[in-house]
Amino acid sequence: MGAAATPPPPPPRRLSRIVAELARTADGPVSVAEIRQAMGDRSFAALLVVFSAVNMLPLPPGSTLVLGLPLVLVALQMVLGNRTVWLPGFVLRRTIARDRFRQLSERAVPRLEWVERLVRPRYWPFARDHADRVIGGIALVLAVAVTLPVPLGNWFPAFSCALVGLALSERDGLLLAAAVVCGLLSLAVMGVVVGAAGVLAAALFAG
C-alpha cells in the first residue's frame, strides 16, 4: 500500500489580512520590528507594500525623509541580492502611533483586498533568480523619490512602489507593467513640480 500523499502547504496569508490583524491587535505604537515579524515569509515584496503604504499617509512635511528610509533599505538589499531583509536597530525601533496605523489599515486594507482579487501569476518576464535584482532597481529609484522633499510629490512614487511589491508578491507581469508606467509618470510629475518651483524662485529673486 503506497504512502499517503502529502497535502499541499496552505497558501500564504494575504497581505490585507496581515495588516488588518496587526492593526486590530495593536495595543500601543506599532514598531517597524513588529511589522517585519508580522510579514513572516512574505519578506521583500510585503515590506515594499507596507513601507510604501506608510508613506502614502498624510504626513507632516519632512516625514518621508525618515519613513522612506526603510523603503530605500529594502529595495537596496534586493539589488544586492540579499535573501532575507535586514534593517538596522534604529529603524526597527521606529514606531507609528496606534491610531495612525489604524488609519492606514482602514484606508489600505479595502484597496489591498480589491487589488488582491485582480492580481494573479501571469506573463511574468523573469526567472526567479533574476527578478528580485531587476525589480529592486525599479523600487530603489521610486524609494529615493519618496524621500525627496518635493511638496505633494511623494504619494505617487510611493503608490507606484506599492504596486511593484504586489506584482512581485504574485508574479503578475501585467501589474508590474502598470507599476512601471505609474512610476515613470510619478517621476515626470516630480520633475514638473521641481522645475516649476525653480522657475518661480528665479522669478522672485530676479524681481
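Values in this document were obtained by computation on a predicted structure and should not be read as measured data. (Residues numbered from 1 in each chain as written. Predicted model: local features only at pLDDT ≥ 70, side-chain atom pairs only at ≥ 80, totals over all residues. Heavy atoms only, no water.)

A.B. asks: Quick one: what's the story with the side chain of S31, residue by residue and with numbers?
C.D. replies: Along the polypeptide, S31 turns up in strand β1 (residues 30-31). Looking at S31, the relative accessible area reads 12%, which means it is buried. In this structure S31 touches L92, R94 and T95, once residues within four positions along its chain are discounted. (Helix = DSSP H or I, 4+ residues; strand = E, 2+ residues; numbered from the N terminus. Buried < 20%, exposed > 50% of the residue type's maximum accessible area, 1.4 Å probe, protein only. Contact = heavy atoms within 4.5 Å.)

A.B. asks: Go over the pattern of salt bridges, please, and point to the residues and values.
C.D. replies: Pairs may arise between side chains of opposite charge once their charged atoms sit close together. By the definition in use, this model includes two salt bridges. Between E21 and R17 there is a salt bridge; the shortest N-O distance is 3.0 Å. Taken as a pair, E21 and R17 lie in helix α1 (residues 15-25) at a separation of four residues, close to a single helical turn. Two residues, D172 and R122, come together in a salt bridge whose shortest N-O distance is 2.9 Å. Note that D172 is positioned in the loop between α9 (155-170) and α10 (173-206) and R122 in the loop between α7 (98-118) and α8 (128-147), a separation of 50 residues in sequence. (Salt bridge = Lys/Arg side-chain N within 4 Å of Asp/Glu carboxyl O.)

A.B. asks: An account of the packing of aromatic side chains is requested, with residue identities and associated values reported.
C.D. replies: For the coordinates displayed, the defined rule picks out two aromatic pairs. Between W124 and F126, the ring centres sit 5.7 Å apart and the planes meet at 75 degrees, which makes this aromatic pair edge-to-face. Relative to F159, the ring of W155 lies with its centre 5.2 Å away and its plane at 5 degrees, an arrangement referred to as stacked. One end of the pair, W155, and the other, F159, are both in helix α9, four residues apart, so they sit about a helical turn from each other. Look at W155 and you get partly exposed, because its relative accessible area is 44%. For F159, a relative accessible area of 27% gives the class partly exposed. (Phe/Tyr/Trp six-rings, centres within 6.5 Å; stacked < 30°, edge-to-face > 60°.)

A.B. asks: Quick rundown of a nonpolar patch on the surface? Include the residues and the values.
C.D. replies: Taken together, the side chains of V141, V180, L184 and L187 present a nonpolar region at the surface, about 310 Å² in accessible area. The element that contributes the greatest number of residues to the nonpolar patch is α10, accounting for three residues. With respect to the helices and strands, the residue L187 is situated in helix α10. The exposure class of L187 is partly exposed, given its relative accessible area of 32%. (Patch = residues over 30% accessible without salt bridge, like charges linked within 9 Å, V, L, I, M, F, W, Y side chains within 5 Å. Areas by Shrake-Rupley, 256 points an atom, 1.4 Å probe, with all protein chains shown as cover.)

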